[in-house]
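Examining the three-dimensional arrangement
Each chain, letter by letter, is given below.
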Amino acid sequence: MILDTLPAAGERRHLLDVDRLERAEIERICDVAVEMREARAARAYRSLLESETVGLAFYEGSTRTRVSFELAAKALGATVVDLGVAGSSVGKGESLVDTLRTLERTGVTTVVLRHAASGAPYLAARTTGLAVVNAGDGMHAHPTQALLDALTLREALGALDGRTIAIVGDVGHSRVARSNLGTLVRLGARVRIGGPPAWVRGFEGRPGVSVATSLAEALDGADAVMTLRVQLERAAGGGVPSLREYTRRWGLDEDRMRLAAPGAPILHPGPTNEGVELSAELANGPRSLIGRQVENGVPVRMAILALVTGAA
Ligand code: ASP
């Protein structure tokens, strides 16, 4: 069975993390996403999810993820409700579980949940009958971002076996990096992470992962480079003397990218802080796959919605 299944939740399937996805499942999700991209262009599968009601419950800010889940659900004919946390009873102190149970009683069948607390989607899956899709939980996981990154890299580089992917920056506080480490290693890539010591601590010794202590070492011959937003909201500022110092040592630009393999692409999950983790020229230049990552968000999320609901 594809995707995480919690027996206690019965028939519904969930995407809580990428941990339990085998390589074949990651590849299948990418294949279904390609099929969904074509279907969307041809306006096909417009009633695939017509019996589903998808609730968007974003307790943390989001642009790309929320919009692409909404478009994905609508492209497949689902009814979509956006909880709009700011204007909901969450402001009156309603607990996450009560809110989700309310959504379930009103007819929501699948919830797309983003929450600042790591593990919130697991709680949702345990305590409701909803299919739960994790749209980012605290510092823990961002599975659909890692899946769309896998698709983007596969389309840019071909098979990832033996390729070196560098992930540079605030790795320790990044749910994106944590999920990417899981999928990229399972797809056969070697992942080299680099950043200030406080932000890469604890990753040494993981299978398929190496830790670089300088930017030059991190980039050396890498086939692709991913950089990350400094997670100021997760108290990340503490790991470096100042943002300026971070940029001086670890910021990416065209010049520094020459240390990577010729033409190596640059990825970033967004939102970017141009001038901090990468230069505007690099973000908008020919190496950049950042726009492609955003474009791949809709078909990957179409695939995930179809898979968790059993429609694909
Ligand atoms: N959009 C990604 C996330 O929600 C990356 C970021 O915010 O830095 O984790």
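Residues numbered from 1 in each chain as written. Predicted model: local features only at pLDDT ≥ 70, side-chain atom pairs only at ≥ 80, totals over all residues. Heavy atoms only, no water.

What follows deals with the overall build of the chain. Assigned secondary structure in the chain consists of 12 helices and nine strands. Against the 2.2 N^0.38 benchmark of 20 Å for 312 residues, the chain shows a C-alpha radius of gyration of 19 Å, consistent with a compact globule. The dimensions of the chain, computed from C-alpha atoms along their principal axes, are 55 × 45 × 35 Å. Taking all 312 residues of the chain together, 56% fall into the buried category. Taking as baseline every contact in the chain between residues at least 6 positions apart, the subset at least 24 positions apart corresponds to 73%. (Helix = DSSP H or I, 4+ residues; strand = E, 2+ residues; numbered from the N terminus. Rg over C-alpha atoms; globule rule 2.2 N^0.38 Å. Buried < 20%, exposed > 50% of the residue type's maximum accessible area, 1.4 Å probe, protein only. Contact = heavy atoms within 4.5 Å.)

Take unusual backbone geometry next. In this structure, the amide linkage connecting Gly-270 to the following residue, Pro-271, adopts the cis form with an omega of -5°. Tracing the chain through its elements places Pro-271 in the loop between strand E9 (266-267) and helix H11 (280-283). Positive phi, normally seen in glycine, also occurs at Arg-43, with a value near 55°. Judged by relative accessible area, Arg-43 falls into the exposed class, the value being 56%. Despite not being glycine, Tyr-45 has its phi angle at roughly 55°, a positive value. Within the secondary structure, Tyr-45 is located in the loop between helix H1 (23-41) and strand E1 (53-58). The partly exposed category is assigned to Tyr-45, whose relative accessible area is 33%.

Turning next to the side chain of Asp-223. Inspection of the secondary structure assignment puts Asp-223 in the loop between helix H8 (215-219) and strand E8 (224-227). A distance of 3.3 Å separates a polar atom in the side chain of Asp-223 from a polar atom in the side chain of Arg-163. Every residue in contact with Asp-223, bar those within four places of it in the chain, is listed here: Leu-157, Arg-163, Thr-164, Ala-261, Ala-264 and Pro-265. (Polar contact = N/O pair within 3.5 Å; in protein donor to acceptor, adjacent residues only side chain to side chain.)

Before going further, it helps to examine the sheet that holds E8. The strands making up a sheet are joined through hydrogen bonds of the backbone, oriented either antiparallel or parallel. Pairing is parallel across the open sheet formed by five strands, whose spatial order is E7-E6-E5-E8-E9. Of all strands in the sheet, those with a lone pairing partner are strand E7 (209-212) and E9, marking the two edges. Relative to E9, E8 runs parallel, the two sharing two bridges. Among the inter-strand pairings, Met-226 is bridged to a residue of E9, identified as Leu-267. (Pairing = 2+ DSSP bridges.)

Enumeration over the complete set of coordinates arrives at one aromatic pair. Judged by centre distance (5.3 Å) and plane angle (45°), the ring pair of Trp-199 and Tyr-246 falls under tilted. Of this pair, Trp-199 sits in helix H7 (residues 197-200) while Tyr-246 sits in helix H9 (residues 243-250), and the two are 47 residues apart along the sequence. Tyr-246 matches Trp-199 in its accessibility class, with the two residues each being buried. (Phe/Tyr/Trp six-rings, centres within 6.5 Å; stacked < 30°, edge-to-face > 60°.)

Read across the open sheet, the four strands follow the order E2-E1-E3-E4; overall the sheet is parallel. Since the sheet does not close on itself, it has two edges, and those belong to strand E2 (79-82) and strand E4 (131-137), each with one partner. In this sheet, adjacent strand axes meet at a mean angle of 15° when their direction is disregarded. Here E1 runs beside strand E3 (residues 110-115); their pairing, made up of five bridges, is parallel. What sits directly across from Ala-57, in E3, is Leu-113. Packed onto the sheet, helix H2 (residues 64-75) meets E1, E2, E3 and E4 and runs at close to 175° relative to E1. (Axes fitted to C-alpha atoms, helices over the stretch in contact; angles between N-to-C directions.)

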